[in-house]
Amino acid sequence: MLIKRIYKKSKQIFSINKAETLPQINEANSKLIRNVFNKQHSKNALISFITYGMDQSIENLTHTNILECNTICELLNELDYNVDLIDYDNTNPSIRNIYDLIVGFGVPIENILVQGNDKNFKLILYRNGCDQSFADQASLLRVEEVFKRTGKLLISSSRISPGFWRAQIRFADLIIALGNKFVADTYQNETSGRIESLDLFYYDVNTIDLTIKNFEASKRNFLWFGSFGAIHKGLDLVIDYFSRRPDLELFICGLNSTEKEFIELYQQKLALPNIHNLGFVQLQSKQFKEILYACGAILTPSVSEAGAPATLNVIASGGLIPILTANCGVSFDGNEIIIQELSERAINIAIDSFSEIPPDNLMLKSIAINKFVRERYTYKKFRNNLKSIISKELKIVTTL
């Protein structure tokens, strides 16, 4: 099946490139795929997400959203729906409501709601993280902080939504929010529909032997593992902190080369001997494994995430202790260290807390959190939970 092919291939070639970001709006490439599975069911569903993952010739799978979208397609087929798939940024105004069920997010759903006088279909929103009003405001506040501190306005290093789709949030029957309760709660005042949290999953592409890791040495080394949106993900705060801590080492993986203004602003600090800007690092590479052995913790001071898949991948592969904000929308059974606010001071407090852990205890915590992630955040559980949530909303009895 397509899902098995994609998951198998993704385990081989998944990289941090474009991690945790959806494709940029490109109307020329936006399309509609009719009846994906060529079935003749009695019910019809539209999925508004991404279409490029259905291409059998795809060679570079760089984000969980490909597998997420294909999973939704297959689940609705299993629930006896004919499935049409459209890109979330498709602006074709001729898309009309001919469906019993609409799942996903984006422009097509908003257009259907705005153009119609009735709503005779079930609407399930699949949202990659916090409500966009919350996320956009939080991201822009971080940009404002940097502007006040440096005089540089770097909106290009935020993560603001390309569209303001409020009707679909208000009139959704169900919102499936990727992440934990923190993420789900950001929708409470924005919708009259039901809200369900859904854990994301990691890709099992690399592992290290934690029993031979030098935890004494790794306590001095920290990893920032992200992608587009350096300010949104708190990299500016991390760089500023480590520029004042030459006794500690920072490894940066995934700073996007398109964020030229950010890189220019921080070029002197990025060149410091204790700060290593490594670019994109593939998860299955020898270099990634070396970073996992070297580092003791992963820093994720983000204003908004959708279950932080990059962080999950790092912990599932190397057992690094997560030092992160609650805004990341992921929980680790108390083994994480929470950054209480988005400030250099709060990052300092969190890192000091990590540094106080004795090496032997650090090894035990590392093994425990690695085991926890590998058991809880699996693709199989993601798929089963998603099927259960959708089936409950549709009042369909299924077996997993």
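If you're wondering where the values come from, they're calculated on a predicted model, not measured in any experiment.

Definitions and cut-offs
Residues numbered from 1 in each chain as written. Predicted model: local features only at pLDDT ≥ 70, side-chain atom pairs only at ≥ 80, totals over all residues. Heavy atoms only, no water. Helix = DSSP H or I, 4+ residues; strand = E, 2+ residues; numbered from the N terminus. Buried < 20%, exposed > 50% of the residue type's maximum accessible area, 1.4 Å probe, protein only. Contact = heavy atoms within 4.5 Å. Areas by Shrake-Rupley, 256 points an atom, 1.4 Å probe, with all protein chains shown as cover. Pairing = 2+ DSSP bridges. Axes fitted to C-alpha atoms, helices over the stretch in contact; angles between N-to-C directions. Phe/Tyr/Trp six-rings, centres within 6.5 Å; stacked < 30°, edge-to-face > 60°. Salt bridge = Lys/Arg side-chain N within 4 Å of Asp/Glu carboxyl O. Core = buried A, V, L, I, M, F, W, Y, C linked by side-chain atoms within 4.5 Å.

J.: Looking at this model, I keep getting lost on the overall build of the protein chain. Mind explaining?
T.: When its secondary structure is counted, the protein chain shows 15 helices and 13 strands. When burial is assessed residue by residue, the protein chain has 57% of its 400 residues classed as buried. Sequence separation of at least 24 residues holds for 75% of the intrachain contacts in the protein chain that already meet a minimum separation of 6. Here the protein chain displays about 16700 Å² of accessible surface, and carbon together with sulfur accounts for 50% of that area.

J.: What exactly am I supposed to notice about the sheet that holds strand β13 (residues 337-338) here?
T.: Backbone hydrogen bonds hold the strands of a sheet together, and the pairing may be parallel or antiparallel. Strand order in the open sheet formed by six strands is β10-β9-β8-β11-β12-β13, and the pairing between neighbours is parallel. Every interior strand has two partners, whereas the edge strands, β10 (275-277) and β13, have only one. As judged from the three bridges shared by strand β8 (residues 221-225) and strand β11 (residues 297-300), these two strands associate in the parallel manner. In the sheet register, Leu223 faces β11, and the bridge partner there is Ile298. Set on the sheet, helix α8 (residues 235-243) makes contact with β8, β9 (249-253), β10 and β11; between it and β9 the angle comes to about 155 degrees.

J.: Is there a simple way to explain the pairing of strand β6 (residues 174-178) in this structure?
T.: Regular strands show a simple pattern: their side chains alternate between the two faces of the sheet. The buried fraction of β6 is high, at five of five residues. Side-chain alternation along β6 places Leu174, Ile176 and Leu178 on one buried face and Ile175 and Ala177 on a second face that is also buried. With four bridges joining them, strand β5 (residues 122-127) and β6 adopt parallel strand pairing. Looking at β6, one finds that Ile124 is bridged to Leu174. As paired elements, β6 and strand β7 (residues 194-198) share five bridges and run parallel to each other. Paired with Leu178 across the bridge in β7 is Leu198.

J.: So what exactly am I meant to see when it comes to unusual backbone geometry here?
T.: Note on backbone geometry: most residues besides glycine have negative phi, and most peptide bonds are trans. Even without glycine at this site, Ala308 takes up a positive phi of about 45 degrees. The topology assignment puts Ala308 in the loop between β11 and α12 (309-318). Residue Asp333 is not a glycine yet carries a positive backbone phi of 60 degrees. If you trace the backbone, Asp333 turns up in the loop between β12 (321-324) and β13. The class for Asp333 is exposed, based on a relative accessible area of 59%.

J.: Is there a simple way to explain the sheet that holds strand β3 (residues 81-87) in this structure?
T.: Strand order in the open sheet formed by seven strands is β1-β3-β2-β4-β5-β6-β7, and the pairing between neighbours is mixed. The open sheet is flanked by β1 (32-33) and β7, the only strands paired with a single partner. Where helix α3 (residues 107-115) meets the sheet, its contacts fall on β2 (43-49), β3, β4 (101-104) and β5, and the angle it forms with β4 comes to roughly 140 degrees.

J.: Whenever I open this one, the packing of aromatic side chains confuses me. Can you help?
T.: How two aromatic rings sit relative to each other is given by the distance of their centres and the angle of their planes. In total, this model carries 17 aromatic pairs according to the counting rule given. An angle of 80 degrees between the planes, with centres 5.3 Å apart, marks the rings of Phe201 and Tyr379 as edge-to-face. In this pair, Phe201 is assigned in the loop between β7 and α7 (215-218) and Tyr379 in helix α15 (residues 379-394), connecting sequence segments 178 residues apart. No difference in accessibility class separates Phe201 from Tyr379, as the two residues are buried. With centroids separated by 6.1 Å and ring planes inclined at 35 degrees, the aromatic side chains of Tyr379 and Phe382 adopt a geometry described as tilted.

J.: What should I look at first to understand the pattern of salt bridges in this one?
T.: Where charged atoms from two side chains of opposite charge approach closely, those side chains can pair. Under the criterion given, the structure shown has 24 salt bridges. Taking the shortest distance from any N to any O, the salt bridge between Lys392 and Glu196 comes out at 4.0 Å. Remark: Glu196 occurs in strand β7 and Lys392 occurs in helix α15; sequence separation between them is 196 residues. Among the charged side chains, a salt-bridge network with shared partners connects Arg142, Glu145, Arg149, Asp236, Asp240 and Lys269.

J.: Before we go on, may I ask you to explain the nonpolar core in this structure?
T.: Generally speaking, a soluble globular protein has its nonpolar side chains buried in company with each other. Core analysis: the biggest nonpolar cluster contains 103 residues, and Leu76, Phe242 and Ile323 have the highest contact counts within it. Ranked by residue count, the leading element in this core is helix α2 (residues 64-78), at seven residues. The residues contacting Ile323, other than those within four sequence positions of it, are Phe222, Ala297, Ile298, Leu299, Thr300, Ile337, Ile339, Ala350, Ile351 and Phe354. The next biggest cluster of nonpolar side chains, apart from the first, holds 21 residues, and it includes Tyr99, Ile102, Leu123 and Cys130.

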